Amino acid sequence: MAQQQRRPFRPVRQEEPYRINERIRVPQVRMVGENVPQGIFDIQQALKMAEEQNLDLVEISPNAVPPVCKVIDYSKFKYEQKKKQKEIKANAQKVVIKEIRFSPTTDDHDYDFKLKHALNFLKEGAKVKAYVQFSGREIVFKDQGYKLLERFAKALEEVGKVELEPKLEGKRMSMILTPKALKK
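Residues numbered from 1 in each chain as written. Predicted model: local features only at pLDDT ≥ 70, side-chain atom pairs only at ≥ 80, totals over all residues. Heavy atoms only, no water.

- Per an unreviewed UniProt entry, the chain is named Translation initiation factor IF-3, and its organism is Runella defluvii.
- In its Function (unreviewed entry) section, the UniProt entry covering the chain states "IF-3 binds to the 30S ribosomal subunit and shifts the equilibrium between 70S ribosomes and their 50S and 30S subunits in favor of the free subunits, thus enhancing the availability of 30S subunits on which protein synthesis initiation begins."
- Its UniProt record gives the chain a comment under Subunit (unreviewed entry), which states: "Monomer." (UniProt positions renumbered as here; feature names shortened; annotations may be inferred.)

1. Side note on the sheet that holds strand β7 (residues 160-169)
Whether parallel or antiparallel, the strands of a sheet pair through hydrogen bonds between backbone atoms.
And then number 1: Taken in spatial order, the four strands line up as β5-β6-β8-β7 in an open sheet, and their pairing is mixed. Among the strands making up the open sheet, the edge pair consists of β5 (97-102) and β7. Geometrically, the sheet is characterised by an average inter-axis angle of 20° between neighbouring strands, direction not taken into account.
And then number 2: In terms of strand pairing, strand β6 (residues 127-133) meets strand β8 (residues 172-179) through six bridges, oriented antiparallel. From the neighbouring strand, alanine 130 faces β8, where its bridge partner is methionine 175.
And then number 3: Seen against the sheet, helix α3 (residues 108-124) touches β5, β6, β7 and β8 and runs at an angle of roughly 170° to β5.
And then number 4: Its contacts with the sheet put helix α4 (residues 142-155) on β5, β6, β7 and β8, and the angle it makes with β8 is roughly 10°. (Pairing = 2+ DSSP bridges. Helix = DSSP H or I, 4+ residues; strand = E, 2+ residues; numbered from the N terminus. Axes fitted to C-alpha atoms, helices over the stretch in contact; angles between N-to-C directions. Contact = heavy atoms within 4.5 Å.)

2. Examining α3
And then number 1: For α3, spanning 17 residues, the distance from its first C-alpha to its last is 24 Å, which sits close to the expected 24 Å at 1.5 Å a residue.
And then number 2: Within α3, burial applies to Tyr111, Leu115, Ala118, Phe121 and Leu122. The buried residues of α3 occupy an angular sector of 125° when projected down its axis, which confines them to one face. Facing away from the buried side of α3, by more than 90 degrees, are the exposed residues His109, Lys123 and Glu124.
And then number 3: On its buried side, α3 packs onto β5, β6, α4, β7 and β8.
And then number 4: Looking one or two places after α3, you find glycine 125, whose phi comes out positive at around 100°. (Expected span 1.5 Å × (residues − 1). Buried < 20%, exposed > 50% of the residue type's maximum accessible area, 1.4 Å probe, protein only. Arc of directions from axis to C-beta.)

3. Comments concerning the sheet that holds strand β3 (residues 56-61)
And then number 1: Taken in spatial order, the four strands make up an open sheet running β2-β1-β4-β3, and their pairing is mixed. Two strands bound the open sheet, and with one partner strand each, they are β2 (39-42) and β3. The sheet shows a mean angle of 45° between the axes of neighbouring strands, taken without regard to direction.
And then number 2: Bridge count for strand β1 (residues 28-32) against β2 is four bridges, and the pairing is antiparallel.

4. Remarks on the side chain of threonine 178
And then number 1: Positionally, threonine 178 belongs in strand β8.
And then number 2: Overall, threonine 178 belongs to the buried group, its relative accessible area being 9%.
And then number 3: Among all residues touching threonine 178, those that are not within four sequence positions of it are Leu122, Lys127, Val159, Gly160, Lys161 and Glu163.

5. Structural notes on the packing of aromatic side chains
And then number 1: Scanning the model with the defined rule gives five aromatic pairs in all.
And then number 2: With a centroid separation of 5.0 Å and 70° between ring planes, the pair formed by tyrosine 18 and phenylalanine 77 is classed as edge-to-face. Highlighted residues: tyrosine 18 in the segment before β1 and phenylalanine 77 in helix α2 (residues 74-91), separated in sequence by 59 residues.
And then number 3: Grouping aromatic residues by their ring pairs yields a cluster made of Tyr18, Tyr74 and Phe77.
And then number 4: Of note, arginine 172 hangs over the ring of tyrosine 131, and the distance from its end group to the ring centre comes to 3.8 Å. (Phe/Tyr/Trp six-rings, centres within 6.5 Å; stacked < 30°, edge-to-face > 60°. Lys NZ or Arg CZ within 6 Å of the ring centre and 35° of its normal.)

In structure tokens:
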């Protein structure tokens, strides 16, 4: 049996998100930014303006007619774009879901204890997934589970609102509560 020849490894080049200088292949562009006259220019004129200032011509909005270009230092522009992306990512909220489990025969003391935990979770800004787990023949008492979850939602009315109504999935009836917007 002949061995199969492996092709050489070629690293994947990441394509630049913006076209710059000679990579811009349109006859006319709209110029915006500081140190340049605003308006529509031929691509050669625009490249010449950028070259005179020792900067790059960067296509900001390629889908516009004509495409919008800016005369800027491309490496500085890329750095600022990365910085913006990082900032957006840092400000994005991560949704935390805490689960609270009941059974259809949950006692009052256990219920109160779990209610107190759910109250704290909602105040911290986390979502709460409350569910009733039916085992064996308990599935006959679906209405008990439903009443329990309704009572739970009513008790947490001032700090949270129901995002997902109680719903039976297999042997588990669940609902999701989200925190209400905190008053500042």
